[in-house]
Amino acid sequence: MKKSEQAWKIAFLSLLSFVLITIIVAFMLVQHYFPEVEEQHFVPQQPTAEEATFHIHTNKAKLNSLIALKIAENPGDIQYVVELLEDSVQFRSAFRILGQEVPVTINFYPTVTPNGDLLLEVRTFSIGILHLPVDQVLQLLTNYLELAEWIVTYPSEKLVEVKITEIPIDENESMMFRFQTFDLEQDKIELEMIFK
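Calculation criteria
- Residues numbered from 1 in each chain as written.
- Predicted model: local features only at pLDDT ≥ 70, side-chain atom pairs only at ≥ 80, totals over all residues.
- Heavy atoms only, no water.
- 1 Å grid on protein atoms, 1.4 Å probe; cavity = no way out; pocket = protein on both sides within 12 Å on 5 of 7 lines; lining within 4 Å.
- Points joined across faces, edges and corners; volume = space filled by probe spheres on them.
- Helix = DSSP H or I, 4+ residues; strand = E, 2+ residues; numbered from the N terminus.
- Buried < 20%, exposed > 50% of the residue type's maximum accessible area, 1.4 Å probe, protein only.
- Arc of directions from axis to C-beta.
- Contact = heavy atoms within 4.5 Å.
- Pairing = 2+ DSSP bridges.
- Axes fitted to C-alpha atoms, helices over the stretch in contact; angles between N-to-C directions.

Draft legend 1. Region of the structure containing the layout of surface pockets. Each pocket or cavity is described by its volume, and for the largest pocket that value is around 1,800 Å³. Considering the residues around the largest pocket, the lining is formed by 43 residues, among which Tyr-80, Val-82, Trp-150, Ile-151 and Val-162 are closest to the centre. At five residues, the largest contribution of residues to the lining of the largest pocket is made by helix 2 (residues 60-73).

Draft legend 2. Just helix 3 (residues 134-144), in detail. Within helix 3 the residues assigned to the buried category are Val-134, Val-137, Leu-138 and Leu-141. Projected onto a plane normal to the axis of helix 3, the buried residues spread over an arc of 100° and lie on a single side. Residues of helix 3 that are exposed and point over 90 degrees away from its buried face: Gln-136, Leu-140 and Asn-143. Summarising the contacts, the buried residues of helix 3 are in contact with strand 3 (89-97), strand 4 (100-112), strand 5 (118-127), strand 7 (151-154) and strand 8 (159-162).

Draft legend 3. Seen up close, the pairing of strand 4. Sheet analysis places strand 3 next to strand 4, joined by nine bridges and oriented antiparallel. The partner of Gln-90 across the bridge, within strand 4, is Asn-107. The turn joining strand 3 and strand 4, which pair antiparallel and follow one another in sequence, is formed by two residues; a positive phi near 50° is taken by Leu-98. With antiparallel pairing between neighbouring strands as the criterion, strand 4 and strand 5 make up a hairpin whose turn holds five residues, including Gly-116 at a positive phi of roughly 100°.

Draft legend 4. Region of interest: the sheet that holds strand 1 (residues 52-58). In space, the three strands of this open sheet follow the order 1-10-9, with antiparallel pairing throughout. The sheet is open, and its two edges are formed by strand 1 and strand 9 (175-183), each paired on a single side. Pairs of neighbouring strands in the sheet enclose a mean axial angle of 20°, with direction left out of account. By the bridge criterion, seven bridges tie strand 1 to strand 10 (residues 188-195) in an arrangement that is antiparallel. Its bridge partner being in strand 10, His-57 is matched across the sheet by Glu-190.

In structure tokens:
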């Protein structure tokens, strides 16, 4: 019986030693191959820009679809259309004069400002077949319509500024857009989407 007890004790101690050695070796391997993370692990290797910028390339047809969709999503009291044509941006609507609907058409020539906003020079303004003085009509429209804060009119210069850089996109104002190119004749529209 003593021999069997001694064999059992040797087997138990051998197994315990094997388990302990295995745990120690496993611990040492983990320490060697999986070192603890250091603070510099989360520091970017390259200097980061203050903003992330994505370039968007589109054309008139796609932008016209987006404009039509946004107008349809937010219908107002006055029905209107904004459309990019061959070389101009056209606004079309209608006013009720003496009981009948009279078409209103405004043609703008677009340019991009240095900060990425869109400057629209009013080329023609017509109600029905009458071509009216642009500066006076712009002043009337400014007084008559409640425009968004990011649309500014300059009647004496015959200009409308679309401050795309100030359009609220999200609640935190962490995202904005700015135009790079707005060339209707070449059908080339480029803008940047910026995350601050």
